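# Per-entry structural report
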Amino acid sequence: MRNFKFSPIFCALIGAGAVAFLPPCAQAQTPPAQHGSSSKPKHVEKLTKIEVIARELTITRIPMRSAYSVSIIGPSAIRFASPMLDVQNLLQRTPSINVRTPAPNGVRTNITFRSFNSGQFSETFAGVPINGVFNGGTTNAASDRNSIPLTLNNISSVNVYRGINNPAVNAYNSLGGTIAFEPRQPGPKPDASVTMGGGSFSTWFYGITANTGSIAGVRSLISINHNTSAGWQANSGNRNLNINYSGVLPYADDAGELYAYAIYNKNTGFTPHSIPVPLLQQFGYSYGWPLNYSNSYNRDHSGTYIIGDKMQVNKVFSFNARFYARDNVYNRVSYANPAFIQSATQPYFLPNTPNLPPFWIPNYFYPGYPGYPNGPTYNPVTLFGPPNALGGYPGMAYHTYMNSTQQTGFIPHFTLKLPHNLVQFGGAYSHTKLFSAEFWYGANPMPLVNGYNDAWWENDWRTLGSAFVQDQISLFGGKVHVTPGLKYLYSRTYDEDQIGFFYPITGAVSDSEHFVSPTLGINWRPIRHVSLYAAWGENMKFPNIGAYYGNIGQTNALGQYVVVPLNVKPEYVRDFEVGARYEAHGFQGSLNGYRENFTNTFISVTNPVTLVSTTTNGGRSTYMGLELDAQQTLHTTDYGDFSLFGNLSLNKAYFSSSFNYFGTQVNPGMPLANVPRHLANLGVGWKRGSWRANINLHYASSQYLNQLTSGLASAVTIPGYAVTDLGIRDTLDLGMGMLKDVKLALHIDNVFNRHYDVTGFEYTTFTGMPYSSVLMEEPRAYFASATFDF
């Protein structure tokens, strides 16, 4: 009898895994799912007719055995999505998630999860964290407006874990929850498909996917997807190219598997800018700033590359280890015409306004101001002339922003499957570098020279580490599962800024933080169809890089420029939740309540002169809510199969302590901005023969707008909205040799043409009158496609 099967690199993995438990040691850990697939025959799950229908038609599924709040989005929902739906919008079908996307291809997307912003919950792909290491969010963080790490072309399913969850699942920043994207897997046989389509807003798209089958034991999937659109806001078009590779190589009689995933994404196009509401009322819903007034052109390309080895060594012990590399390079060139800045004739704030605040100006051309003696030597007045009558500087009309990151990491994960225990332990390690710079000039192309025309020139690095252990204990014949866990988190951060318009001196600041995060979950099935659960945990979020660079160039009591120590503390949270689930006769339902108590709440502060954002601590805050989720699957002989789903979320986020914030008094009960109190989804899926259709409704209640500079909620609210989407598809079985079938699909987004905005800011006109400037969401749109399967 064979007891052990060893991978060629097993010993190396054990050694490297041991290193990962020593600080600094890792930032994320894999979900329990083992990534990659094996060709070895496995136990085939027997499903009833209703269960087969449910897996094909339902948008999400509710696992009964989990000790935490979880939803699962399956491949059927992903493959039948609208062409305008991006990865983040897909998540909106589950409880407590709200997404704001003002442009095609996911450009400038913002997402909240249980009221948490995108930097307060984690997202992973094949167990690898994809959040921005320095700024937290996955998309649109650090003003990388068209950074798109994933598209629907890259994923097969999604596990949405709400709350702190267990350490084998969560990653760093996992306060509100963890969203675990699973990669597409290569099929066992050669096949291919080609998709072509188009629709509203001059949208055109195509996709090509090929499975190679087994070639020298290697199975590969290669997929290319391209989408171009003019957008619903004038002058906001962009295009996106996504290339995906998945490959597996089984070994040791299929007990082990080497696997690889690679994603390359490139996006180029214009930023949709917020529009004053009076201009939308005057010129219509699709109005955008004319390009000769203001524009921002973005170029971004990113990659995620993973190689891994997993093995079932014997009946008890298995491992899964991954090495990965990620990179993102972002560049934006912006323009604002000095002739159209805010004035008596153009009363609204103009994006990218080229005003030159006094403290930017070197002493040699701003009379009476001392300036920075060793500051940048670029003189916009000398080269491009003095400011015009409105105060706009022609020499500052163009602006370039660059931000790039490179990350490498290693994640080992080990499992012991014992008679009454499922023990998981492991760790992770990553090192990430960042370069960021900003430049101003009076023409484009422009020189990009440190010490000449740069506002900042920044180099940072951050090492993240973690080690965890978790046990799932089965009691009373499997009716009770207790899941205790413990995770150690470590961070070491370094920030350096050279002299620029924002920095009178060159300086550096660094800091290290660590935390031990305990978690505990309990699931009890008192009777067959009922599951009761409760969970508790503590976690923290490391400060974003905005907490570091603001400490360089401060002024001491003697008027000297100095670097002050970091004074922003990590954000700590304690999570409690309880819930119940019921499953029988094609019905699944769950109800849960949660409460998360914060200390050192992070607040983003924007300097009203420089428009540079930094991070500071507020007081305590509380996030709490209820989530109801239900779905019913029906089989009928005459009318086909149906799946009905709905969920309702009640979320509340507010400050729970008093503190003074830059002259503003914050009191208990003051709400946080961009948090709808009520969220709801309702949908129906249908299938009969070769036809399939679904209709989905998403509702979000009103929410407070952010004040532009303070980071606090303003008194202005955005109205609630409800949006309905429809999709229908027919599969034509052609039987024409290599061409097997054709799928013809029609999608109608925002069926009732609801005009709504979900992102905005509060401003004042030239004469001091308040107004809102907003980003509008997609109006009614039509998209048709044809997919040819070979």
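Residues numbered from 1 in each chain as written. Predicted model: local features only at pLDDT ≥ 70, side-chain atom pairs only at ≥ 80, totals over all residues. Heavy atoms only, no water.

## Observations regarding the side chain of Ser649
For Ser649, the position within the fold is in strand β30 (residues 640-655). Classification of Ser649 as buried rests on a relative accessible area of 0%. Within the structure, Ser649 has its side chain in polar contact with the backbone nitrogen of Ser96 (distance 2.8 Å). Those residues within four positions of Ser649 in sequence are excluded, and the remaining contacts are Pro95, Ser96, Leu626, Glu627, Arg677, His678 and Leu679. (Helix = DSSP H or I, 4+ residues; strand = E, 2+ residues; numbered from the N terminus. Buried < 20%, exposed > 50% of the residue type's maximum accessible area, 1.4 Å probe, protein only. Polar contact = N/O pair within 3.5 Å; in protein donor to acceptor, adjacent residues only side chain to side chain. Contact = heavy atoms within 4.5 Å.)

## Focus: the nonpolar core
If you look at soluble globular proteins, the nonpolar side chains tend to sit buried side by side. Ranked by size, the top nonpolar core spans 46 residues in total, and within it Leu91, Phe125, Ile155, Val158, Ile179 and Phe181 carry the most contacts. Counting residues per element, the ones that place at least two in this core are α3 (75-79), α4 (87-91), β3 (97-100), β4 (110-113), β7 (155-162), β8 (177-183), β13 (256-270) and β30. Not counting residues within four places of it along the chain, the set of residues in contact with Phe125 comprises Ile130, Leu150, Asn154, Ile155, Phe181, Glu182, Pro183, Tyr261, Ile263, Thr304 and Ile306. If you look at the next biggest cluster of nonpolar residues, it comprises 35 residues, including Phe134, Tyr172, Ala455 and Tyr548. (Core = buried A, V, L, I, M, F, W, Y, C linked by side-chain atoms within 4.5 Å.)

## Section: the sheet that holds strand β5 (residues 122-125)
Strand order in the open sheet formed by six strands is β1-β2-β7-β8-β5-β6, with mixed pairing between adjacent strands. Here the strands that pair on one side only, and so sit at the sheet edges, are β1 (60-61) and β6 (128-129). Relative to strand β2 (residues 69-73), β1 runs antiparallel, the two being bridged by two bridges. Bridge assignment links Thr60 to a residue of β2, and that residue is Ile73. (Pairing = 2+ DSSP bridges.)

## With respect to the confidence of the model for the protein
Considering every residue of the protein, the mean pLDDT works out to 87; 87% of them sit at 70 or more. Note that pLDDT drops below 50 for residues 1-44; the model gives that stretch 136 contacts with residues more than four away or on any other chain. This stretch, residues 362-370, has a pLDDT under 50; its non-local contacts, to residues over four places away or in other chains, come to 18 contacts. (pLDDT = per-residue confidence, 0-100.)

## Here we look at the pattern of salt bridges
Using the criterion set out here, one finds six salt bridges in the structure. Taking the shortest distance from any N to any O, the salt bridge between Glu627 and Arg114 comes out at 2.9 Å. Taken together, the residues span a long stretch of sequence, with Glu627 in strand β29 (residues 621-636) and Arg114 in the loop between β4 and β5 at a distance of 513 residues. With relative accessibility at 1%, the residue Glu627 sits in the buried group. For Arg114, a relative accessible area of 0% corresponds to the buried category. Ionic contacts of the salt-bridge type, sharing partners, join the residues Arg114, Arg162, Glu577 and Glu627 into one network. (Salt bridge = Lys/Arg side-chain N within 4 Å of Asp/Glu carboxyl O.)

## What to know about unusual backbone geometry
The phi angle of most residues is negative, glycine excepted, and most peptide bonds adopt the trans form. Here the amide bond leading from Asn444 into Pro445 is cis, since omega sits at 5 degrees, within 30 degrees of zero. With respect to the helices and strands, Pro445 occurs in the loop between β18 (421-441) and β19 (454-475). Of note in the backbone geometry, Asp253 takes a positive phi value of approximately 55 degrees without being a glycine. Topologically, Asp253 is positioned in the loop between β12 (238-251) and β13. A relative accessible area of 55% places Asp253 in the exposed class. Unlike most non-glycine residues, Phe476 shows phi in positive territory, near 55 degrees. Among the secondary structure elements, Phe476 is positioned in the loop between β19 and β20 (480-497). We classify Phe476 as exposed; its relative accessible area is 68%.

## Considerations on the environment of Ser436
With respect to the helices and strands, Ser436 occurs in strand β18. Distance in space between the C-alpha atoms of Ser436 and Glu458 is 5.1 Å, their sequence separation being 22 residues. When neighbours within four sequence positions are excluded, Ser436 is seen to be in contact with Tyr401, Met402, Asn403, Trp456, Trp457 and Glu458.

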